[in-house]
Amino acid sequence: MGMKSNYPRSWASKAFDKKCGHPFGETVHIPGLILDQVDHLLDELSLAVARVVENSTGNFRIRGFRDFSLDYRLTNTLGSSPIKESSVVEWLSYHGGQDASLAVNEISQWSLPISDWTIDFIRQIHHSTDWDITNGFDTYTFVTSGGGWTPFGIHRDYEPSLIFHLGPGIKDLWVWPDGQPDNIVFASSPALNGVSFELDRTLGSAEHFTLRPGDYICIPSNLYHVFKNSEPSAFIGIAAFVVPQNPVAHQAIDLTCAELGRDAIDILSSEEGKRRIETAARNLKSRDQSCLYTLPPHQSALSCIPSPRIPSIFARRFPGVVQTRTDGGMYAFGQELQSRLPRDTIESLCEYVNHSESIDENTIGRLIGRGCSDSRKLLKTLHRNGAIVVA
């Protein structure tokens, strides 16, 4: 891929100004990288976690911790306590006291502004490095109500951790650049990936960082590290997966088995079954591409989009946000849209949306060969699904 000189520089590009032999091969700390975005991101994070709680319906997507353990009672309390306070940090402090922590994965699903912010960073990764973005990403958050070590102890992650500290409090981080700290005991089970709680006597051999609101730090994969919280705070992290978490081929087989009501061995034994799986795989790749290898937005986030005035001029959310399906229809921002339009018409429509700086109903009408009513209906559908925005 490599750097593309015509790609516009943004806040995200500054994260890659330091050239490394590997895109995320060194610990890189950039103070104040997103300082001007902190208040907005904290507000959006609070709204996102509020939506997670409102839509949990018994399937908790959050994890509450106390000390070094998952706290089931705290998790249950948080999952059933709507956020009425002004921020997620205050909400956690109110319900969890001064020694509680909260983790939520896939947080970008629950806020379109956080999704846009994440995609901006992923696009910069794509244009500034040779990292394979098709392996996917997880945007997560970690919130703490006060002081103490984070619950995971000294640990390492399989993927690079890209941390954006929002504050309001500071956070301390120790990273061991030379591998596992000496002379301490690690739990080596695959689930834990090597964890130790022998903290104080090992810190002297680590590199120390103090994270303040707006700071960015990249922790390379497999480097041991530990956080300590001094005050209530939150951060947003982006995990850049080294390998796909759920490969498309596996998803395609599972999807085809569910559709046909047959097992994988039976389906793979026929040419027709193999073709069905190949079609499913191509469609899943198109779906993933249309949301830039993140997860599609949750309906509760999309429901906040105000209805547009028609006629309006629209803009794509990002290039590639609509993709054709092999068997008809399209994906818009990761969501399947059925259509009776011919495949070549859908391809032309996707080409127009993905590559045009402005999108209008007259051009849409000419492309699909329909009148104003149908072109406006299509624009409203794409807007309602978050694929286009009012320019």
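For the structure itself, look to the data block above.
Please read these numbers as outputs of a predicted model, since none were measured by experiment.

A. Representation of the sheet that holds strand S18 (residues 335–337) in the model. Ordered by their spatial adjacency, 3 strands build an open sheet running S16-S17-S18, and the pairing between neighbours is antiparallel. The sheet is open, and its two edges are formed by strand S16 (322–324) and S18, each paired on a single side. With strand direction ignored, the average angle separating the axes of adjacent strands in the sheet is 30°. Of the pairings in the sheet, the one linking S16 to strand S17 (residues 330–332) comprises 3 bridges and is antiparallel in character. Considered in S17, the bridge of Gln323 is made with Tyr331. Sitting on the sheet, helix H9 (residues 343–355) is in contact with S16 and S17, with an inclination near 160° to S16.

B. Region of the structure containing unusual backbone geometry. With an omega of 10°, the peptide bond running from Gly167 to Pro168 counts as cis. Within the fold, Pro168 resides in strand S8 (residues 161–168). Positioned with a positive phi, Tyr293 is a non-glycine residue whose angle comes to about 65°. By the secondary structure assignment, Tyr293 is in the loop between helix H7 (271–290) and helix H8 (299–302).

C. Summary view of the sheet that holds S8. Pairing is antiparallel across the open sheet formed by 8 strands, whose spatial order is S1-S12-S8-S14-S5-S4-S2-S3. Since the sheet does not close on itself, it has two edges, and those belong to strand S1 (28–30) and strand S3 (69–70), each with one partner. Of the strand pairs in this sheet, S1 and strand S12 (residues 216–219) are connected by 3 bridges, and their pairing is antiparallel. Across the sheet, the residue bridging to His29 is Ile217, located in S12. Where helix H1 (residues 38–54) meets the sheet, it contacts strand S2 (62–66), strand S4 (100–104), strand S5 (137–144), S8 and strand S14 (233–240), and its direction lies at approximately 100° from that of S8. Contacts from helix H2 (residues 72–79) reach S2, S3 and S4, with the element oriented near 135° to S2.

D. Highlighting the packing of aromatic side chains. Taken as a whole and judged by the stated rule, the model has 17 aromatic pairs. Judged by centre distance (5.3 Å) and plane angle (75°), the rings of Phe65 and Phe152 are edge-to-face. Note that Phe65 is positioned in strand S2 and Phe152 in the loop between strand S6 (148–149) and strand S7 (154–155), a separation of 87 residues in sequence. With 5.5 Å between their ring centres and 45° between their planes, Trp149 and Trp174 make a pair best called tilted. With Trp149 in strand S6 and Trp174 in strand S9 (residues 171–176), this residue pair connects regions lying 25 residues apart in the sequence. Here Trp149 and Trp174 have matching classes, each one buried. Members of the aromatic cluster, connected to one another through ring pairs, are Trp11, Phe16, Phe24, Trp117, Phe121, Trp131, Phe164 and Tyr216.

E. Broad picture of the side chain of Ser286. Mapped onto the fold, Ser286 is located in helix H7. With relative accessibility at 14%, the residue Ser286 sits in the buried group. If we skip the residues at most four places from it in the chain, Ser286 touches Gln323, Thr324 and Tyr331.

F. Broad picture of the pairing of S14. Counting buried residues along S14, 8 of its 8 residues qualify, which places the element largely inside the surrounding structure. Burial along S14 is two-sided: the face carrying Ser233, Phe235, Gly237 and Ala239 and the face carrying Ala234, Ile236, Ile238 and Ala240 are both buried. As defined by bridge partners, S5 adjoins S14 across 8 bridges and the pair is classed as antiparallel. When the bridges of S14 are listed, Phe137 appears paired with Ala240. Of the strand pairs in this sheet, S8 and S14 are connected by 7 bridges, and their pairing is antiparallel. Directly across from Ile163, in S14, lies its bridge partner Gly237.

G. A look at the environment of Gly169. Of note, Gly169 is situated in the loop between S8 and S9. Sequence spacing of Gly169 and Ala234 is 65 residues, and the spatial spacing of their C-alpha atoms is 8.2 Å.

Procedures and definitions
- Just so you know, the residues in each chain are numbered from 1, in the order the chain's sequence is written.
- The predicted origin of the model limits local features to residues at a pLDDT of at least 70 and limits the giving and counting of side-chain atom pairs to 80 or more, whereas totals for whole chains, interfaces and linings rest on all residues.
- Only hydrogens and water are set aside; all other atoms, that is, all heavy atoms of the structure, feed into the side-chain values.
- Two strands pair under a simple rule: DSSP has to find at least two bridges between them.
- For helices the rule is a DSSP run of H or I covering at least 4 residues; for strands it is a run of E covering at least 2, with both sets numbered from the N terminus onward.
- For helices, the axis comes from a line fit to the C-alpha atoms of the stretch in contact; other axes are also lines fit to C-alpha atoms, and the angle between any two N-to-C directions lies between 0 and 180 degrees.
- Contact criterion: two residues are considered in contact whenever any of their non-hydrogen atoms come within 4.5 Å of each other.
- Stacked, tilted and edge-to-face pairs are distinguished by plane angle, under 30 degrees for stacked and over 60 for edge-to-face with tilted covering the rest, among Phe, Tyr and Trp rings (Trp via its six-membered ring) whose centres lie within 6.5 Å.
- Throughout, exposure labels follow a simple rule: accessible area from a 1.4 Å probe, protein chains only, divided by the maximum for the residue type, with under 20% read as buried, over 50% as exposed, and the rest as partly exposed.

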